[in-house]
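# Chains, contacts and geometry: an overview
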Amino acid sequence: MPETTGARTLLATAVDRFYDLVLDDPALATWFKGVDMARLRRHQAEFLGSALDGGTSRFDLVRAHAGLGIDDVAYDRVCAHLLSAMATVGVGEGYLKELQQAVEGLRDQVVEA
Ligand code: HEM
């Protein structure tokens, strides 16, 4: 995704929708109890922005998710919500496929159960 203000705004909108879907999902909501969601939305938008630009990120995903007991089922649900949220802001099919592959590559850093 190009480094433009428009792309950043779109990404922030998508991330907001993403976490709305996550928090509305009874299978996921418990993981986010007590989490500062405004901060997480900000950090996720920043993380995805740098990841999608092919850059590095200051976030350590292993450390961020350590001890949360996240399993593959939860991971799949989160990814599905991320992709639907991206689709609602008009991201095209080809790009969604790339994104799907990119997040698949992060699974081992997040899943521990
Ligand atoms: C698509 C894969 C995922 C990515 C890219 C991702 C990314 C992130 C990032 C960037 C943060 C912020 C780290 C920080 O502020 O230092 C974070 C925190 C968090 N993530 Fe994820 N995450 C993913 C999957 C999941 C899943 C599957 C769950 C649970 C079902 C989850 C639950 C959480 C929680 C609860 C926090 C907040 C931890 C805290 O502040 O104590 N994440 N994630």
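As annotated in an unreviewed UniProt entry, the protein carries the name Hemoglobin and is attributed to Klenkia taihuensis.

Turning to the overall build of the protein, a few remarks are in order. A count of helices and strands for the protein gives six helices and zero strands. Projected onto its principal axes, the C-alpha coordinates of the protein cover approximately 35 × 30 × 25 Å. Looking at the protein residue by residue over its 113 residues, the buried ones come to 35%. Taking all contacts inside the protein whose residues are at least 6 apart in sequence as the whole, residues at least 24 apart take part in 73%. Accessible area of the protein: about 6,700 Å², with a carbon and sulfur share of 55%. Averaging the locations of the 11 positively and 17 negatively charged side chains of the protein gives two centres separated by 5 Å.

Helix α2 (residues 37-52) packs onto helix α1 (residues 5-23) with a crossing angle of 130° between their chain directions and a minimal axis gap of 9 Å. If you check the angle between α1 and α2, you find them oblique. Judged by the sense of rotation from one axis to the other, the crossing of α1 with α2 is right-handed. On the side of α1, the interface is formed by Arg8, Leu11, Ala12, Val15, Asp16, Phe18, Tyr19, Asp20 and Leu23, while α2 contributes Met37, Leu40, Arg41, Gln44, Ala45, Leu48, Gly49, Ser50 and Leu52.

Looking now at the nonpolar core. Within the largest apolar cluster, 30 residues are counted, with the highest numbers of intra-cluster contacts made by Phe18, Tyr19, Val22, Leu48, Leu52, Tyr75 and Met86. Breaking this core down by element, the ones donating at least two residues are α1, α2, α4 (72-88) and α5 (93-104). If one sorts the elements of this core by residue count, α4 sits on top with seven residues. Each residue touching Tyr75, except ones within four places of it in the same chain, is listed here: Ile70, Val103, Leu106, Arg107, Val110 and Val111.

Basis of the calculations
Residues numbered from 1 in each chain as written. Predicted model: local features only at pLDDT ≥ 70, side-chain atom pairs only at ≥ 80, totals over all residues. Heavy atoms only, no water. Helix = DSSP H or I, 4+ residues; strand = E, 2+ residues; numbered from the N terminus. Buried < 20%, exposed > 50% of the residue type's maximum accessible area, 1.4 Å probe, protein only. Contact = heavy atoms within 4.5 Å. Areas by Shrake-Rupley, 256 points an atom, 1.4 Å probe, with all protein chains shown as cover. Lys, Arg positive; Asp, Glu negative; His and termini not counted. Charge placed at Lys NZ, Arg CZ, Asp CG, Glu CD. Axes fitted to C-alpha atoms, helices over the stretch in contact; angles between N-to-C directions. Parallel < 35°, antiparallel > 145°, perpendicular 65-115°, else oblique. Left-handed = near helix turned anticlockwise from the far one by under 90°. Core = buried A, V, L, I, M, F, W, Y, C linked by side-chain atoms within 4.5 Å.

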